[in-house]
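# Coordinate inspection notes
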Amino acid sequence: MAPLSTDQLLIQRIRAGQADAWEEFIARFEGRLLAFVESRTGNRASAEDVVQETFLGFLTSLPHYDDRQRLESFLFSIAAHKLTDYLRRQGRRPAVPLAPWPESQSGADVPGKARAPSSIARSGERRQWQEAALAHALAEIIAGWKNRGQWHKLACAELLFVRGMTNKEVARRLNISEQAVASQKFECLARLRAAVRQQDLPQELFPELYETP
Amino acid sequence: MSAITRRELEAYLDEALPAEEMARIEKALRSDPALSAELAAVLACRDAGVLSIGAIWRRHRLSCPTRQQWAEYLLGTLPEDAAAYFRFHLETVGCRYCQANLTDLQRQHSQADAAAAQRRRKYFQSSVGRLPKS
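Residues numbered from 1 in each chain as written. Chains lettered and ligands numbered in written order. Predicted model: local features only at pLDDT ≥ 70, side-chain atom pairs only at ≥ 80, totals over all residues.

A count of helical and extended segments in chain A gives eight helices and zero strands. Overall, chain A shows an N-to-C arrangement of helices and strands of α-α-α-α-α-α-α-α. Going through the 213 residues of chain A one by one, you find that 28% of them count as buried. Contacts spanning at least 24 positions in sequence make up 48% of the contacts within chain A whose residues lie at least 6 apart. (Helix = DSSP H or I, 4+ residues; strand = E, 2+ residues; numbered from the N terminus. Buried ≥ 20, exposed ≤ 12 C-beta atoms within 10 Å, placed from the backbone. Contact = placed C-beta atoms within 7 Å.)

What follows is the structure, given as structure tokens:
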């Protein structure tokens, strides 16, 4: 069995109810959480309140926390939820209206050949495994780019998928042709489709991989 | 100003765009019913279990440097090509998680955040009662 990481040991002590471990946890993470929240609230006092709610939220969700998950990411995701709630209460973040399943909407832009929810097999654990499998494939692609010093490929994929920019905007930002962007996007999607086939994952969960250019 | 893409709406739902982009989308959502309907459709896909590359990439923070690497960046000990990518990730991608880590490290380094101990005490006192019972 692999030795426990510093984070895992700290969580173990918090689960045992050790107050000094909780104090250490707060000292370790509050600064970065505060900076994250403050970048949106623009107000220190409100940001501190959101961070306080984040720590309370963490203790509430502790029984469900999976130790294999990166602790910092887990905390940031709680902070993002608390921040969204705060911004909604302030009237800054509009509420999202409910929509029927997009296939029933005329003209709705449904990516690929997405099927209705009832036909997508997705128990919690299975879905986590499917997501982890694609994340692993993506991580391998990214590691390959980094190891080969192909930073431009990483930059292009990040703007396309993480920031969600159009090919045209990515080309402008990176000062390369749209054709070059399209080609790198095609290469990345092809490698991910191969991973989906290899892992025998259901294609309908990842409609973006089968979009026509 | 460029049109807002479906992938940007996904990132918006994840609270993962730079603050000024988040504000731009919030403003557009208030005045554009079509964009609001598009956002609802994105959310419906997500609720149905559809997974996007961007959401997975962000959730697992697949390209984010570690906090230790950001500390090395601040010390100026990274190779130039890696440091250039770190700057890109911060300034062009606008990763708020990494920006938060860097801001925190800079504050710790400059010891400018003298109120930290007081804040930590407040967080501790307001939450310690919720610790699991040993």
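After that view, the rundown keeps rolling.
This prediction gives chain A a mean pLDDT of 86; 86% of its residues lie at or above 70. Low pLDDT, under 50, characterises residues 102–119 of chain A; the predicted model gives this stretch 31 contacts beyond four residues in sequence or across chains. (pLDDT = per-residue confidence, 0-100.)

Bringing the nonpolar core into the picture now. Residues and elements named next belong to chain A. Core analysis: the largest hydrophobic core is formed by 72 residues, its most contacted members being L33, F36, V37, V51 and A79. The biggest single contributor to this core is helix α2 (residues 19–41), with nine residues. Residues contacting V37, with those up to four places away along its chain left out, are A47, V50, V51, A79 and L83. (Core = buried A, V, L, I, M, F, W, Y, C linked by C-beta atoms within 7 Å.)

Moving on, we get to the environment of R46 of chain B. Residues and elements named next belong to chain B. With respect to the secondary-structure elements, R46 resides in helix α3 (residues 33–47). Note on R46: 15 C-beta atoms within 10 Å, which makes it partly exposed. When the C-alpha positions of R46 and E10 are compared, they lie 9.0 Å apart, and in sequence the two are 36 residues distant.

The next thing to look at is unusual backbone geometry. Here the phi dihedral of N175 of chain A falls at roughly 60 degrees; this positive angle occurs in a residue that is not glycine. Note on placement: N175 of chain A falls in the loop between α7 (167–174) and α8 (178–198). Owing to 6 C-beta atoms within 10 Å, N175 of chain A belongs among the exposed residues under this scheme. Positive phi values are uncommon outside glycine, yet R61 of chain B reaches one of about 45 degrees.

So, about the packing of helix α5 (residues 67–75) of chain B against helix α7 (residues 96–110) of chain B. Residue and element names in this part refer to chain B. Running from N to C, α5 and α7 cross one another at 55 degrees; their axes reach a closest spacing of 10 Å. Between α5 and α7, the angle falls in the class oblique. Between α5 and α7 lies a crossing whose hand is right-handed. When α5 is examined against α7, the residues R67, W70, A71 and L74 are found in contact with a partner set consisting of C98, N101, L102, L105, Q106 and H109. Residue composition of the contact of α5 with α7, grouped by class: six nonpolar, three polar and one charged. (Axes fitted to C-alpha atoms, helices over the stretch in contact; angles between N-to-C directions. Parallel < 35°, antiparallel > 145°, perpendicular 65-115°, else oblique. Left-handed = near helix turned anticlockwise from the far one by under 90°. Nonpolar A, V, L, I, M, F, W, Y, C, P; charged D, E, K, R; others polar.)

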